[in-house]
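What the coordinates show
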Amino acid sequence: MRPRVVIIGAGTAGTLTANRLDRVYGDSAEIIVIDRDDRHLYQPGLLFVPFGLAKPDKLVRSRRAQLRAAVEFHEAEVEHVDTCHDEVQLAGGEVIGYDLLVLATGASLLPGETEGLTGPGWNERIFTFYTLEGATALRSALRSFDQGRLVVNMVDLPVKCPVAPLEFCCLADWHFRQRGVRDRVRIEYVTPLDGAFTKATCNRELSSLLTAKGIIVTTEFNTGQVDGAAGRLVSWDDREVPFDLLVTIPLHGGSEIVARSPGLGDDLGFVQVDPGTLQARGTPNVFAIGDATNVPASKAGSVAHFEGDTLVRNIQRFLEDREVEASFDGHTNCFIETGFHKALLIDFNYEIEPVPGLFPDPHVGPLRLLRESRLNHLGKLAFEWMYWHVVLPGRSVPGISAQMQLAGKRLDAITTERSTP
Amino acid sequence: MTTITATDLRPVERDAEGFFVYPEQWTETMAPEIALENGLGALTDRHWQVIRFMRTTYLETGAAPSIRTLGKTSGVPVKELYQLFPKGPAKLAAKIAGIPKPRGCI
């Protein structure tokens, strides 16, 4: 009998999983993808919208059109998953049974969980660029902003693309310099972390980069309340940061679908999976991929791409009654846009933090790791084409393996951070 | 950093930031001393509620809970957590509870 694989979510992770499975199985498996709408958003493009560097309508395409012809696409709201009976309950009452389920339900934004954030000033002087609507509204606000305090605040981790807030600061610096008003705009990055980035070597590079651009970094600030009327952030330990314009990266949680399905999620609604196999804890015929999981890797498209390799092989193994393999190593690869047509590139995994070096070829690169360059910026731009034509169709990127490679990386550059207790 | 000696008289190993390398070396009697090292006064029942919750969660799940998890599930609201363990409640409570540093999910 043909096994039926149901995938909930047709974002980056769900789409590439469906297409890879279709290529492996063809007619010998039934692949069903469910999503609530037919709008696939190119999320890496959101960062550029506020600066007029990307057009909002160019970032959205049909979800269905990204799936191979034999994949069945259901446009429906999922009510919950019943893992005892292997069934997905749809909002209209329809039930879809599965042999194997993949949760590719992503992360959701929870601005309402921070006191005052969606109160006075929301979408007037408080914006997020993590949604298309927010990024578009912020574009108008930035255009008319020519003096005052711009504060970029990451409320808490985990968030999608944790480098995006830093990129936003760099692009804002560039934007205001181009307009000749940089000396009248104070740019401050406010983070709950004890540095610009959690990984020590990368943190050192990024901190000096931000300092050189005159961006103020305020660390260990845990936002408890946002007072939009008075224009201030208040931390849980009563520190205050005043702002005229606030760009917030709100709290993230898992999908509502996971929250409504007993036994699958952690307390933030992320699916509890084994970080090496991506199999759900306690539910062997359920797997998760991408932003939906609780694995300690970045919530980023590159992670979903590399996870896809492990996931598809483990789905095959599971359906053939073989042991699943812990082959995902936390591999992450991110371009960090720094303005002035330059970008940084970082490549790391669960164990090895980002270091300088050459990528993808250890001898010729041509991309340099953890150093600003114009070529890295071109790489970032080229990635948009790759996203639609290589990543979503579920192809491998030539020269880039799913497991992180040590060759070409300068591990001697790892700084051991010392602090006195 | 003072050297805390475990009951079996082996010195306790801690990392550069003061987190226990081997959580099994921790005993409840060490907590007040670690608290003192980190500028805290006497530990109250509310402190202990958080410390025990941190430790239980770590031993059950293999990961130290974040501040959001603490606020949602420890029975102590976030505001109070900051009063009990100033600056970084999750980090400080983990240190006192003898478990590794809570990982930021980057």
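Placed above this text is the structure.
Before going into details, it helps to say that this report is about the structure given with it.

Moving on, we come to the overall build of chain A. In terms of helices and strands, chain A carries 7 helices and 24 strands. Taking 421 residues into account, the globule formula puts the C-alpha radius of gyration at 22 Å, and chain A, at 22 Å, falls close to it. Considering only C-alpha atoms, chain A reaches an extent of 70 × 50 × 45 Å along its principal axes. Across the 421 residues of chain A, 47% fall into the buried class. The long-range share in chain A, meaning contacts at least 24 apart out of those at least 6 apart in sequence, stands at 67%.

Another point: helix H5 (residues 89–96) of chain B. All names here are of chain B. The element H5 is extensively covered by neighbouring structure, given that 8 of its 8 residues are classed as buried. Every buried residue of H5 is accounted for by Pro89, Ala90, Lys91, Leu92, Ala93, Ala94, Lys95 and Ile96. Next to the buried residues of H5 lie helix H1 (31–37), helix H2 (45–61), helix H3 (67–73) and helix H4 (78–84). Glycine 98 sits one or two positions beyond H5 and adopts a positive phi of about 70°.

Here we come to the interface of chain B and chain A. With 21 residues of chain B at the interface, the matching set in chain A holds 20 residues. If you list the elements that add at least two residues to the side of chain B that touches chain A, you get H3 and H4 of chain B. For the side of chain B that touches chain A, the leading source of residues is H3(B), giving 5 residues. The class makeup of the residues in the side of chain B that touches chain A is 8 nonpolar, 6 polar and 7 charged.

Working note: α-helix, 3.6 residues per turn, so residues spaced by three or four point in the same direction. Residue and element names in this part refer to chain A. Its 13 residues give helix H4 (residues 200–212) an end-to-end C-alpha distance of 18 Å, which sits within 8% of 18 Å, the value for a rise of 1.5 Å per residue. Among the residues of H4, those classed as buried are Thr201, Cys202, Glu205, Leu206 and Leu210. Projection of H4 onto a plane perpendicular to its axis shows the buried side chains occupying an angular sector of 160°, all on one side. For H4, the exposed residues set more than 90 degrees away from the buried face come down to Ser208 and Thr211. The inward-facing, buried residues of H4 contact helix H3 (164–178), strand E13 (185–190), strand E14 (216–218) and strand E22 (342–348).

Residues and elements named next belong to chain A. With antiparallel pairing, the 3 strands of this open sheet are ordered in space as E6-E7-E8. Edge positions in the open sheet fall to strand E6 (78–82) and strand E8 (95–97), since each of these has one partner strand only. Shown here is a sheet whose adjacent strand axes are inclined to one another by a mean of 20°, direction ignored. Strand direction decides the pairing type here: E6 and strand E7 (residues 87–90), joined by 4 bridges, are antiparallel. Residue valine 81 lies in a different strand from E7, and its bridge partner there is valine 88.

What counts as what
- Residues numbered from 1 in each chain as written.
- Chains lettered and ligands numbered in written order.
- Predicted model: local features only at pLDDT ≥ 70, side-chain atom pairs only at ≥ 80, totals over all residues.
- Helix = DSSP H or I, 4+ residues; strand = E, 2+ residues; numbered from the N terminus.
- Rg over C-alpha atoms; globule rule 2.2 N^0.38 Å.
- Buried ≥ 20, exposed ≤ 12 C-beta atoms within 10 Å, placed from the backbone.
- Contact = placed C-beta atoms within 7 Å.
- Nonpolar A, V, L, I, M, F, W, Y, C, P; charged D, E, K, R; others polar.
- Expected span 1.5 Å × (residues − 1).
- Arc of directions from axis to C-beta.
- Pairing = 2+ DSSP bridges.
- Axes fitted to C-alpha atoms, helices over the stretch in contact; angles between N-to-C directions.

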